[in-house]
Each structure stands twice: as structure tokens, then as C-alpha cells.
Amino acid sequence: MALELHVWGPAFGLPSIDAECIATICYLQRICPSTGWRLVVDAPSSSQGDLPLLVDGAVRARGFASVVSYLRTHRAGACDLDHALTHQQQTDSTAFAAFIQFTGGPLIDLSLYVSAENFRNTTSSAYTAILPWHRNYTIPPARRDLARTRTAHLGLSSLDVSVVGEEDLGLGKGTPGADYEAAKRAAGLPPSNRSGQPPVLSMGRGKGIGGLLSSPIYAARFQLDALTNGLLEPLSDLLENRKYLLGGNEPSSLDCMAFGYLALMFYPPVPQAWLKEAIQSRFPRIQSYITCMRGELLGGEETNAANVWSISTKKKADSGAIHRSSLPWHPQSSPGLFSNLSTAAHEVMFSLPLLSTLLRRDVILHPQGKILSRRVASALPSPLIVRTLVAFSAVVTAALAGLAIHHRRSPRDGDLVFYALRPAIFQGGFGGIGEAESFLSVFANQIARPGAAYS
Amino acid sequence: MPPDPNPRHDPPSPATTPRPQQSQPTSIFNVPAPIRRLFDKFPLKTYAADDLPLRAPRNRGENVLFVFIDEEGVRGGGASWNPGCLKWQAYLKFSGIPFRLAKSNNHASPSGALPFLLPPQTDAAKPAHPISSAKLQRWAMDKSEKPVEEADDLRYEAYLSLLDHRIRRAWLYSVYLSPNFTSIAEPLYILPTSTNPFVRLTIARELQYAATAELLKFSAIVDAEQLYTQAEEAFAALETLLGSNKWFFAAERPGLFDASVFAYTHLLLDEGLGKGWVDTVLRDAVLESKGLVAHRERILRAYFQST
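Residues numbered from 1 in each chain as written. Chains lettered and ligands numbered in written order. Predicted model: local features only at pLDDT ≥ 70, side-chain atom pairs only at ≥ 80, totals over all residues. Heavy atoms only, no water.

Q: Just give me the short version of the overall build of chain B, but keep the residues and values in it.
A: Helix and strand content of chain B: twelve helices and five strands. When burial is assessed residue by residue, chain B has 43% of its 307 residues classed as buried. As presented, chain B carries roughly 17600 Å² of accessible surface, and 54% of it is formed by carbon and sulfur atoms. (Helix = DSSP H or I, 4+ residues; strand = E, 2+ residues; numbered from the N terminus. Buried < 20%, exposed > 50% of the residue type's maximum accessible area, 1.4 Å probe, protein only. Areas by Shrake-Rupley, 256 points an atom, 1.4 Å probe, with all protein chains shown as cover.)

Q: Help me get a handle on a negative patch on the surface, residues and values and all.
A: Residue and element names in this part refer to chain B. On the surface, Glu232, Glu233, Asp284 and Glu288 cluster together into a negatively charged patch. Of all elements in the fold, only helix H9 (224–242) and helix H11 (281–288) reach the threshold of two or more residues within the negative patch. Its location among the elements puts aspartate 284 in helix H11. Residue aspartate 284 is classed as partly exposed on the basis of its relative accessible area of 36%. (Patch = residues over 30% accessible without salt bridge, like charges linked within 9 Å, V, L, I, M, F, W, Y side chains within 5 Å. Salt bridge = Lys/Arg side-chain N within 4 Å of Asp/Glu carboxyl O. Lys, Arg positive; Asp, Glu negative; His and termini not counted. Charge placed at Lys NZ, Arg CZ, Asp CG, Glu CD.)

Q: Describe the environment of isoleucine 167 of chain B, with residues and values.
A: Tracing the backbone shows isoleucine 167 of chain B in helix H6 (residues 156–177). Those residues in contact with isoleucine 167 of chain B that lie beyond four places of it in its chain are Leu162, Ala231, Ala234, Phe235, Leu238 and Tyr264 of chain B. (Contact = heavy atoms within 4.5 Å.)

Q: Talk me through the domain arrangement of chain B; I want residue IDs and the actual numbers.
A: All names here are of chain B. When its domains are assigned, chain B resolves into domain 1 (64–143) and domain 2 (156–303). In this assembly, 15 residues from domain 1 lie in contact with 18 residues from domain 2. When residues of domain 1 are sorted by the area they lose upon contact with domain 2, Trp81, Pro83 and Phe94 head the list and together hold 50% of the total. At the junction of domain 1 and domain 2, the tally comes to three residue pairs in polar contact (both at pLDDT 80 or more). It is helix H4 (residues 83–95) that contributes the most residues to the side of domain 1 that touches domain 2, nine residues altogether. (Domains from an automatic or database assignment. Buried area = accessible area lost by both parts, 1.4 Å probe. Polar contact = N/O pair within 3.5 Å; in protein donor to acceptor, adjacent residues only side chain to side chain.)

Q: Can you explain empty space enclosed by the protein? Please cite residues and give values.
A: A full pass over the atoms with the stated rule returns two cavities of 30 Å³ or more. Computed from the structure, the largest cavity encloses a volume of approximately 70 Å³. Lining the largest cavity are 14 residues, and of these Glu150, Ala151, Phe248, Ala251 and Asp258 of chain B lie nearest its centre. Ranked by the residues each element gives to the lining of the largest cavity, the list is headed by helix H10 (residues 256–269) of chain B, at three residues. Computed from the structure, the second largest cavity encloses a volume of approximately 50 Å³. Along the walls of the second largest cavity sit Ser111, Leu112, Leu264, Met265, Phe266, Pro268, Val270, Gln272, Ala273, Leu275 and Lys276 of chain A, which together make up its complete lining. Its residues assigned to classes, the lining of the second largest cavity shows eight nonpolar, two polar and one charged. (1 Å grid on protein atoms, 1.4 Å probe; cavity = no way out; pocket = protein on both sides within 12 Å on 5 of 7 lines; lining within 4 Å. Points joined across faces, edges and corners; volume = space filled by probe spheres on them. Nonpolar A, V, L, I, M, F, W, Y, C, P; charged D, E, K, R; others polar.)

Q: Residues and numbers for the UniProt feature "transmembrane region" (unreviewed entry) in chain A, please.
A: Residues annotated by UniProt as "transmembrane region" (unreviewed entry) correspond here to residues 384–405 of chain A. A helix fraction of 100% and a strand fraction of 0% characterise residues 384–405 of chain A, whose end C-alpha atoms lie 31 Å from each other. (UniProt positions renumbered as here; feature names shortened; annotations may be inferred.)

Q: Let's hear about the sheet that holds strand E3 (residues 53–56) of chain A: which residues, and what values?
A: Backbone-to-backbone hydrogen bonds join strands into a sheet, with any given pair of strands oriented parallel or antiparallel. Residue and element names in this part refer to chain A. Read from one edge of the open sheet, five strands run E4-E3-E1-E2-E5, paired in mixed fashion. Two strands close off the open sheet at either side, each with one partner strand: strand E4 (59–62) and strand E5 (329–330). Note: E3 against E4, four bridges, orientation antiparallel. Note on E4: the bridge partner recorded for leucine 54 is alanine 61. Seen against the sheet, helix H2 (residues 64–74) touches strand E1 (3–7), E3 and E4 and runs at an angle of roughly 135° to E4. (Pairing = 2+ DSSP bridges. Axes fitted to C-alpha atoms, helices over the stretch in contact; angles between N-to-C directions.)

Q: Describe the interface of chain A and chain B, listing the residues and the values that go with them.
A: Many structure descriptions define interface size as the accessible area lost when the parts assemble. Counting from both sides, the interface comprises 44 residues of chain A and, opposite them, 47 residues of chain B. Both faces combined, the contact of chain A with chain B buries some 3900 Å², and carbon together with sulfur accounts for 64% of it. Of all residues in chain A, the largest losses of buried area upon contact with chain B belong to Phe102, Val363 and Leu380 of chain A, amounting jointly to 16% of the total for that side. Remark: the boundary between chain A and chain B carries one salt bridge. Two residues, aspartate 92 of chain A and arginine 155 of chain B, come together in a salt bridge whose shortest N-O distance is 3.6 Å. Here chain A and chain B share twelve residue pairs in polar contact (both at pLDDT 80 or more) between them. Residue assignment for the side of chain A that touches chain B shows that the elements contributing at least two residues are H2, helix H3 (87–114), helix H5 (139–151), helix H10 (216–239), strand E6 (364–365) and helix H18 (383–409) of chain A. Ranked by the residues each element gives to the side of chain A that touches chain B, the list is headed by H3 of chain A, at eleven residues. Of the residues in the side of chain A that touches chain B, the class split is 21 nonpolar, 15 polar and eight charged. Relative to strand E5 (residues 222–223) of chain B, E6 of chain A runs parallel, the two being bridged by two bridges.

Q: Hey, could you go over a nonpolar patch on the surface for me, with residue numbers and the actual values?
A: Where nonpolar side chains cluster on the molecular surface, the patch consists of Val31, Ile35, Leu38, Phe39 and Phe42 of chain B and spans about 530 Å² of accessible area. Tracing the chain through its elements places phenylalanine 42 of chain B in the loop between helix H2 (33–40) and strand E1 (64–67).

Q: An account of the UniProt feature "domain: Metaxin glutathione S-transferase" (unreviewed entry) in chain B is requested, with residue identities and associated values reported.
A: Following the UniProt record, the feature "domain: Metaxin glutathione S-transferase" (unreviewed entry) maps to residues 231–299 of chain B here. This span, residues 231–299 of chain B, is 64% helix and 0% strand, and a straight line between its end C-alpha atoms measures 22 Å.

Q: I'd like a rundown of the nonpolar core, residues and numbers included.
A: Residues and elements named next belong to chain B. Leu238 and Phe257 are the most contacted members of the largest nonpolar core, which totals 182 residues. Considering each element in turn, this core owes the most residues, 14 residues, to H6. Here this core gathers at least three residues from each of two domains, domain 1 (64–143) and domain 2 (156–303). Filtering out sequence-adjacent residues up to four positions away, leucine 238 remains in contact with Tyr159, Leu163, Ile167, Phe248, Phe257, Val261 and Leu292. (Core = buried A, V, L, I, M, F, W, Y, C linked by side-chain atoms within 4.5 Å.)

Q: Requested: an account of the packing of helix H1 (residues 19–31) of chain A against helix H13 (residues 284–298) of chain A, with residues and values cited.
A: All names here are of chain A. Contact geometry for H1 and H13: axes closest at 9 Å, N-to-C directions at 50°. The orientation of H1 with respect to H13, classified from their angle, is oblique. Contacts between H1 and H13 pair Cys26, Gln29 and Arg30 from the former with Glu296, Leu297 and Leu298 from the latter. Looking at the contact of H1 with H13 residue by residue, the class counts come to three nonpolar, one polar and two charged. (Parallel < 35°, antiparallel > 145°, perpendicular 65-115°, else oblique.)

Right, dumping it as C-alpha cells:
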């Protein structure tokens, strides 16, 4: 049974738009002959789980680490790039894989998704080439939101355009000129020449050079450089002058992982290319490592997204595009119109604010068939009590609402009669002039309009 | 004042108005004689100043570390039950900085997360600034007489990410989403905060929701088996890293990395935590690593002797 690897589609000349997918493709390309596996472009919605997904018969493995460990345990020893490593090296490999994943991931998030300029110019158009048209409305924004939440703790939301748009006016904030320009801009008038200049000219205004450097754009730049160094310095030190991260004569799974992440930092043609500049200017060793790994793992070829798209949708009958690529791209199993519609409807429903909270599915996979050592009774109200209470209050609310509607629809027939106004007033006695007056006025009303006591 | 007989020609000047006061020999603050006699009949009693509220800070001359802990732990100098707090508690002990523990929760913290440390107030006019956990390491290095030098190893960051991500995520699942929730999280985090069952229920839901949201940041589905497998790998890697050394990275003294490892291993091996571990996958993973167990014992004996 051939292995089937589902990945996000190709972009930027790389075989996938996702770092772990690139890493997994490299790994499989390295260990399997191209007839032994199939590569399928997929685009699952967020509730269906992550890619890469390796399907081997009934077994499914998600994520690079799971794929590697599955291949290591279930296929023969040849299917393991790490078999030559010592125990210490394998341990280091585990640690550095986690390090790359959790330090490199946020950098790619910032560069490709959070930065509004990069996302608009590069990433979203890359997604257009690999997704069916209707999924362009849901998948790229969803992945961008995810990237935002992942990097929220870094405090770099100033890369986002909606925020920058307000804050780049903040350079000379408080000065009458700046307020005037802001008012003009708000009114839709073109700004005068002075503020139309690039922001460098407003350097001295108000805050001096310290103020300029602490403005969001530059402060973000310092922080980005610190983050980039945090990832690349240890990697560069680990690499030393060797060809592979862990030495030896062959790439290991760590090299695949590192290439997946570094390639997405280096190759995408983004307008704000701070990652690429950092690699080129400060880490030439890493740069040569990336180009070397690309030749080694992918044969140095550029993956054309349009070709892969035509293969995966079977528009073009096998016209040699497959043969030009060394990767075994295969068409995805066609989902059919009904399935397409249901997916689209599903995604629309899940992106609506209220419905998505009501329809939220259980996203936690608990381990199966595990026997607990003992049970501990909870001191909280049990779900049964809570449900009973909720049901009871729902019934009461519904009953009241029904009563109100019923009353509104069919008002009471006949007159409503009020009694016993007079005895109350007499019993109360005449406490003062006000009371006597009110009593008299009631009396007077009754005399004037005999029917007034009935409504 | 008597009405002016001739207002047009002789407007009242300021010099004429205080005449009635000038006529009195003493100031207006003097109590008139009959009233003074009346008051003299009642003795004036001055009450002693009230005591400070019981919860007011007593020892302003000490460093106070605010952590998740119960009263018993505060008195006995025990370990906090939150890994993030325990890490800094252990690190301050390694640095030899004296401090006192205080029971607290996230709402009390200026940064929204525990732990934080309140240094002694040196100037009565200027309140001391609390130090959040992000700045605690630098503060400890400044204050300590023999600061802990961190190992200068290129693998330091890599192994730290194993702890901060792989093990932390498995911990989040294990404590908040697995059956351990009723035996660990509930007695430690939920029951002490309120006695109202509905408040408790809300807090429980919020905790579980927050843990799920944190785990969903990195994968679309929270796959428990995968989290546990990765944590087991991480513990095995740490075991290999420690090897036969006394402390991590063959250091002379324990440092921040040892504190970070201890924060998880101690809580996982602690049988008296909450109502005890029910889902024991992570605990078993630590128990298998003999080196980590010995490492925890070593720290417990040397620095947490009073418990």
C-alpha cells in the first residue's frame, strides 16, 4: 500500500506553503522512492485537523514528528534518516526540533501572516493559487487569525496595518500641525506637502531621535531582530562549518525540519523582508546552508503552483507536468459537488459569531481505553443538576413568554371593573388638606362622568 | 451689622465691618464660659489607635514572593503548586535571597500572572515597585551575593524549549482537561476561590476553556496521545542531558534550568498534591527517569528541607 501524504499546496517555488509540510515532503523524498508514495494537495478546514497528514491504509499520522516516528517504527530500518545518530545526537535532535518549531513558528507567523503588507501582497495571493475559489474567503483569514493569537504575547501587533495606520500619525502627535493634518485626513482632503513626506523628515519633531526610535515601527524592528537572532544564533553555532546540523555525511530529520522553517523565512518574495535581510547580512552560514539543503533535499527545483493545481484538479490530462517534477504529485480524490457545498456551508456557519459558539465541536481527543487508577468525586455541581436547572428555567421562561403572547393576541372580553375606592379613602381619614382635595376630586369626577370608574 | 443710615455717601468700608469682633478681648476660638463649664463635667476619652487589618502587610522589610499556595504552605515554607511559581521560588532559593511567601492569585498581580515579587520598602514616601517574573532573573542576579551563573551552552535554549513548550502543553492537558481536573485543579485552584457552586462552576469552565484555547494555538485538534508522547520524549531527552551530572550542563550550582525542571518533576512526583494524580501518564514518565527523580530529591533535601 502506497503512502499518501496530504499537504498544503505549493507556494513561493517551494513544495508547500506550510513549514512542517515542506519538512515532511523533504523527509519522504529522501527516504522513499518516488513510486512508493503519493503527494496530495489538501485544504482542510480548521476543525478537520492539521496538515501534514500521512495516510497509510487505516493509519493516520499528523505532524512532522508523528510522521517521522510512525515511519521509524512501522517501516523497515531503511526508512529512517536518523539511524546513524548516536543516542546523544538523537536527544539533541529532539530538543532542537522543538526549538525550531516554537521559535521559528512565530517568526514565520509574523513575517507571512501578521505583517499586513506581506500578507496582502504575498501570502494571500499564494493561497489563491492553491485553494478552490470559495475557500479563499475562509482559510487565509482563519490562518491569519491563528497566527495573530500565536504571536499576541510578543506585543508586535504594530505590524498589522489597521494599527499602524493610526499610529504612524502619532509621531508628532499633540502638535497643532499634526492635529490639523489628522483632521484634514479624516475629512478626506489630501495632506499638505509637509506631511506627505516620508516619516524620516518628521524625525526631530516633538520627541527627537529617541522618540523616533521608540515609535512603533522602529521599536518593532528592534524586537524582530532580537527574535531572529534568538533562533538563528544557536542554529548557526550548532552548524559550525559542517554541512549538516548534526554532522555526519547524510541529512537527518532535524535538517529537514530546519530547512522547512528556514526556507519559508528566506524564499518568499515579501515586501517587508526583514527575515531575509537578517539571514543575508548576519548569518551567511545559514544562507549557504539553506541553498545547499534545497539542492540536497529537493533537487533544487522550483515547484510551480499552477502545474500542481492542474494535476490535483485533473484539468489537464497527464501532460508531462508530473514528469517534470521529481515529487510524486497526485490528484486529490474528487469530493463532488454535494461535498463541496456542505463544506462551504459548514465554514460559513462556523464563521458566524453566535452560531460558531453554539456549534462548537469537541476538539479534544482523549486517549482511548485508559484505565484510571481511581476516581475522585467532584465537589462542583454535577452536569445533571446543571442541566436540570437549565431545563427548568427554560421551561419557566417559555411558559411566561407563551402566556404573554397569548394575552397579547387575545385580550380579555368585557369590561374590567374596579371596586372599593371609596371605603379606603374614608378609612384613611382626613390627614391634611391635600388628602381632602384628592378625595374631593375623585368625588367630583364621579359626579361629572358616571362611567369613569369603568375602563 | 446695623443697616447703614446713608448708603450713598458713606459706603461701608472694610475697616468698619470687623468692629464687633474688635470689641471682644479674645479671639472667636475661645469657648464661652458657660459652655466650657458644661464640657468640663464630661471627661474626654481618647481611644487607642485601631490595629491594622489582619491582612495588611506586616513585614515591609522583607522580600515577598506572591505565589499560588495555601496557608499551610505559607507557614511551612512549602512549595507552590503552580510550575511557573515554583520555578522562581526555587531559583530565588538557589540564589540565596531571603524571601517570604504570600498566598495570592492572578487578579492581584500587576502583570496579570503570578509570580511577582515585592521588594522591601526602603523609602516610606515611595512605594516599592513589584517585580514581574520576566524581570525576576535580572533582579535576583543584582541582589544576590553570589549570583547563579547560567550555563553558556548552545543547547541551553533548545532544551529550554522542550520544557517551555512540550512539557508545559502536556501539563496543561493533564491538569486541566484530563480526569486530573477533579483531583488536582479543582481542590487547588477552584474550591478556595469561592463557596458558591455557580461561581465555582464558572471558574472551572473558564479554566478549561483557557487551557483548550492555549493548546489550540499550535494544533487544530488537542490530541492527548500526541501531547503525552512528546512530553515523554522530552523527559527522556532531559534525562540524557543530565546524564550522571549533579546539575544540568555540569554546573557547580543549580541554576534557572534546574529550577525549571524541578518545577515540573517535583509537582508530578508529589503524592500529596491536591487529591493525588489520577491520570498518571506524565508522572510515570518522570518515575522512569531515575536521574530526574534523584535530581528532584537533591533539590528537595538541600533547599526545601522545612517541608
